[in-house]
Amino acid sequence: MENSSSTDWAAFFIEKALPLLTVVPTLLNLIFVIVLILFGSFLGGYAQWSRTAKEGENIPLKNILFGAAASFMCVPFFSSVIQIDYSLIVLPIAEGTTAKFIEKALLLVSVSGIASYLGYALLDGIAEKVLQQEIKKESQERKEQDRNILIQNNRLRAEIQYLKAVTNTESSEKTGSKNLLEEALKCINEAISIYSEDKNSAEYDKARVFKGYILKRLGRIPEALEIVNEQINSGQKNPITLYNKACYLYILEKDNASSLNTIKSLIREAITLETSDESLKQKQLRIKDKIKDDREIDLSGLFNESERSEIGMLECGKPVPCA
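Please read all numbers here as calculations on a predicted model, not as lab measurements.

A. Molecular detail of unusual backbone geometry. For D294, which is not a glycine, the phi torsion comes out positive at approximately 55°. Secondary-structure assignment places D294 in the loop between α10 (278-292) and α11 (305-312).

Listed below in structure tokens is the structure:
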């Protein structure tokens, strides 16, 4: 029984010790590589010191330690560049790899010596490379931040110019000042210039619509009509663009009887154009009420009483079924 117990204990210790035994060769090889690096660093440090050393002077410990430190910091970096194969610097030497072992071992000593010899310059060079990468990254981030700030500032300026255009236009309507309308046109043009960076934005469309309104007040109806036609042709067909086109056409062609039916159709389409947008439906309702009550000065005289009554019966946002 005692022999059996001793055997069990021995087997237990062997089982636990086996993983440790596999680590020993790895540690020995690590120590061997460290020795090669230290040897190379000493040679490099000695070569650096001997250039300026006076006769009879001993190499300072500081030079040796700095050389070792430089080697341990720089060798891994250089190893990734010149691709030192550490698997060939393994003891015991595999059969047929003696020449490769010697080549890689001497290369490691050489790299260590160079790192130690150049010392400060190497460390400064590596540090500078890392610093340049960080500076480049920081520069790109800063450029992106500056770009975003510029975009925000431009949009704020555009909004201010838009509000100035609205204010000047409203003041002009109260005072009859053409100069205020001209100033409003300058403001809205600047706003459009900024908004044009994103021509699909709602701000760009809003500014263009208001520019057409200013041009109409200035009597430049063909230019206003050109704007609204461009909007419709580019896919911005909505109650506002259709209604504005009808107003501009009527001002230009109210004496042309053949155009009146087209203008009336545009207004009916503006009121009944299918949409699920509640804000557009509210605008359709306001358009309908203006026509029904004959409160739109720009369309005065276009509809007779029965036509206005018929328009008052239309349902906003729902196209009239074809007969």
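B. The arrangement of a nonpolar patch on the surface in detail. A cluster of nonpolar residues, L27, L30, I34, L38 and F72, forms a patch on the protein surface that exposes about 410 Å² of accessible area. Element by element, the count of residues in the nonpolar patch is highest for helix α1 (residues 2-50), at four residues. Residue position: L38 is located in helix α1.

C. Structural detail: empty space enclosed by the protein. The tally for this structure, following the rule as stated, stands at one cavity of 30 Å³ or more. When its volume is computed, the largest cavity comes out at roughly 50 Å³. Residue lining of the largest cavity: K290, I291, D294, R295, E296, L299, L302, F303 and R308, and that is the complete set. The residue inventory of the lining of the largest cavity, partitioned by class, reads four nonpolar, no polar and five charged.

D. The environment of K264, seen in detail. The residue K264 is located in helix α9 (residues 257-272) in this model. A residue is classified by how much of its surface remains accessible, and K264, at 11% relative accessible area, is buried. With 14 residues separating them in the primary sequence, K264 and Y250 have C-alpha atoms 9.4 Å apart. In this structure, K264 is in contact with L302, F303 and E307, ignoring residues within four places of it in sequence. Within the structure, K264 has its side chain in polar contact with the side chain of E307 (distance 2.9 Å).

Quick notes on the rules
- Residues numbered from 1 in each chain as written.
- Predicted model: local features only at pLDDT ≥ 70, side-chain atom pairs only at ≥ 80, totals over all residues.
- Heavy atoms only, no water.
- Helix = DSSP H or I, 4+ residues; strand = E, 2+ residues; numbered from the N terminus.
- Patch = residues over 30% accessible without salt bridge, like charges linked within 9 Å, V, L, I, M, F, W, Y side chains within 5 Å.
- Areas by Shrake-Rupley, 256 points an atom, 1.4 Å probe, with all protein chains shown as cover.
- Salt bridge = Lys/Arg side-chain N within 4 Å of Asp/Glu carboxyl O.
- 1 Å grid on protein atoms, 1.4 Å probe; cavity = no way out; pocket = protein on both sides within 12 Å on 5 of 7 lines; lining within 4 Å.
- Points joined across faces, edges and corners; volume = space filled by probe spheres on them.
- Nonpolar A, V, L, I, M, F, W, Y, C, P; charged D, E, K, R; others polar.
- Buried < 20%, exposed > 50% of the residue type's maximum accessible area, 1.4 Å probe, protein only.
- Contact = heavy atoms within 4.5 Å.
- Polar contact = N/O pair within 3.5 Å; in protein donor to acceptor, adjacent residues only side chain to side chain.

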